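One letter stands for each residue in the lines below.
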Amino acid sequence: MPPLYAGLEAGGTKFVCVVGAGPDDVRVQARIPTTTPEATLREALDFFREQRAPQGPLTAAGVASFGPVDLDPSSPTYGFITSTPKPGWARTDVVGPVRQALGVPVRFDTDVNAAALAEGRWGAAQGLDGFLYLTVGTGIGGGGLVNGKLMHGLIHPEMGHVRIPHDHVADPFPGSCPFHGDCLEGLASGPAMQARWGRPAESLPDDHPGWALEARYLALALNNFVCTLSPRRIILGGGVMERLTLFPLIHRELRALLNGYVQAPQVSSHVDRYVVPPAFGARAGIMGALALAQEQGASKTEA
Ligand code: ZN
């Protein structure tokens with residue numbers, strides 16, 4: 001029997017829980033709406049506890065969380081969601097209750113770093129030691145691998161909150177980020193599109209000017225990420241990116257912005273293979289949680 005893992009994707013609108021051995025061997029899954037921290041965590045942990053009898057013992061757990069989160073193992077608030085504007089969720093311990101309830105080692109990371117780990121191991125970035133994963137949905141976040149390691153630092157990357165040029169004449173929308181107004185997330189997240197156009201992004205037709213503007217903003221940010229981090233590929237997931245007609249618009253904008261300066265065929269000739277959707281689609285985050293758990297399980301075996 002292969003070792004079994006618990007994967008928990010803690011999202012702003014739902015928690016997804018799985019028990020499985022890998023992406024092709026998911027035994028059971030549950031979706032729990034995100035309400036209060038107490039109720040949501042209790043329901044998720046009850047689910048995992050109930051699986052132990054039918055499924056067998058769990059080796060490790062992986063938690064892929066919305067953020068910002070504390071990833072410093074020496075910090076008293078390690079494993080916490082920290083300064084989120086989501087009501088009730090600031091300073092919430094996520095790892096502690098999972099460890100306590102399941103009695104297994106827990107690996108914790110951002111939802112985007114976790115999704116990157118899954119895409120690197122099994123998906124759209126296999127074999128690449130440096131690439132980015134960005135989600136464009138309710139919020140915008142980015143993570144990835146640099147020199148084969150998940151991106152951690154002072155805290156973790158917050159690529160959704162970079163500043164990009166904003167032409168207030170062409171786009172008078174002031175931006176929706178409660179911290180920065182017109183940062184990337186404030187201009188280009190799903191809620192920003194909805195606030196700007198007065199209807200949900202998914203209801204805008206393909207030829208709506210909102211998509212060209214969205215592609216412009218995302219390409220401006222990608223231009224900065226290409227120039228600062230030199231990723232070998234960029235994966236764009238999240239609800240907004242389910243509109244696949246956005247990809248060719250972004251490809252064209254990004255090539256125009258880079259203007260031949262970055263001398264790599266991936267950008268000049270094959271940009272359609274350079275900026276790509278996730279192989280796991282909307283499952284990238286939960287597969288990431290499973291990948292984190294596997295890593296934790298492997299490190300336990302080595303130790
Ligand atoms: Zn912001």
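The structure we're discussing is the one just above.
Residues numbered from 1 in each chain as written. Predicted model: local features only at pLDDT ≥ 70, side-chain atom pairs only at ≥ 80, totals over all residues. Heavy atoms only, no water.

1. With respect to the coordination of the zinc ion
Coordination of the zinc ion by the protein is provided by H161 (ND1), C177 (SG), H180 (ND1) and C183 (SG), with metal-donor distances spanning 2.1 to 2.4 Å. If you look at the zinc ion, its four donor atoms make angles of 101 to 121 degrees with each other, and the shape they trace is tetrahedral. In the primary sequence, the donor residues of the zinc ion line up as H-x15-C-x2-H-x2-C. Of this pair, H161 sits in the loop between β10 (149–150) and α4 (184–188) while H180 sits in the loop between β10 and α4, and the two are 19 residues apart along the sequence. In this structure H161 comes out as partly exposed when scored by relative accessible area, which is 21%. (Donors = N, O, S within 2.8 Å, 3.2 Å for Na, K, Ca; no water. Tetrahedral: all angles 85-135°; square planar, octahedral: opposite > 155°, others 65-115°. Helix = DSSP H or I, 4+ residues; strand = E, 2+ residues; numbered from the N terminus. Buried < 20%, exposed > 50% of the residue type's maximum accessible area, 1.4 Å probe, protein only.)

2. Digging into the sheet that holds strand β11 (residues 234–237)
Backbone hydrogen bonds hold the strands of a sheet together, and the pairing may be parallel or antiparallel. Taken in spatial order, the five strands make up an open sheet running β10-β9-β8-β11-β12, and their pairing is mixed. Strand pairing shows two members of the sheet lacking a second neighbour, β10 and β12 (275–276), which therefore form its edges. Pairing of β11 with β12, which is carried by two bridges, proceeds in the parallel orientation. By the bridge assignment, I235 is partnered in β12 with V276. (Pairing = 2+ DSSP bridges.)

3. Quick notes on the environment of C177
Among the structural elements, C177 can be located in the loop between β10 and α4. Take C177: its relative accessible area is 8%, and that puts it in the buried class. Among residues more than four places away in sequence, those in contact with C177 are H161, C183 and G186. (Contact = heavy atoms within 4.5 Å.)

4. Notes on the pattern of salt bridges
A complete count under the given rule lists nine salt bridges for this structure. One salt bridge in this structure joins D171 and R196, with 2.9 Å as the shortest N-O distance. With D171 in the loop between β10 and α4 and R196 in helix α5 (residues 190–197), this residue pair connects regions lying 25 residues apart in the sequence. Side by side, D171 and R196 carry an identical accessibility label, which is buried. We note a salt bridge from R216 to E253, for which the minimum N-O separation is 3.1 Å. Placement of the pair is R216 in helix α6 (residues 209–229) and E253 in helix α7 (residues 246–258), with a sequence separation of 37 residues. Several salt bridges share partner residues, and in doing so they unite R107, R121 and E295 into one network. (Salt bridge = Lys/Arg side-chain N within 4 Å of Asp/Glu carboxyl O.)

5. Description of the packing of helix α1 (residues 37–55) against helix α2 (residues 95–102)
At their nearest, the axes of α1 and α2 sit 10 Å apart, and the two run at 25 degrees to each other. Viewed along their axes, α1 and α2 adopt a mutual orientation that is roughly parallel. With respect to the hand of their crossing, α1 and α2 are arranged in right-handed fashion. Contacts between α1 and α2 involve L41, L45, F48, R49 and R52 from the first element and P97, V98, A101 and L102 from the second. Of the residues contributing to the contact of α1 with α2, the split by class is seven nonpolar, no polar and two charged. (Axes fitted to C-alpha atoms, helices over the stretch in contact; angles between N-to-C directions. Parallel < 35°, antiparallel > 145°, perpendicular 65-115°, else oblique. Left-handed = near helix turned anticlockwise from the far one by under 90°. Nonpolar A, V, L, I, M, F, W, Y, C, P; charged D, E, K, R; others polar.)

In short, geometric facts, not functional conclusions.
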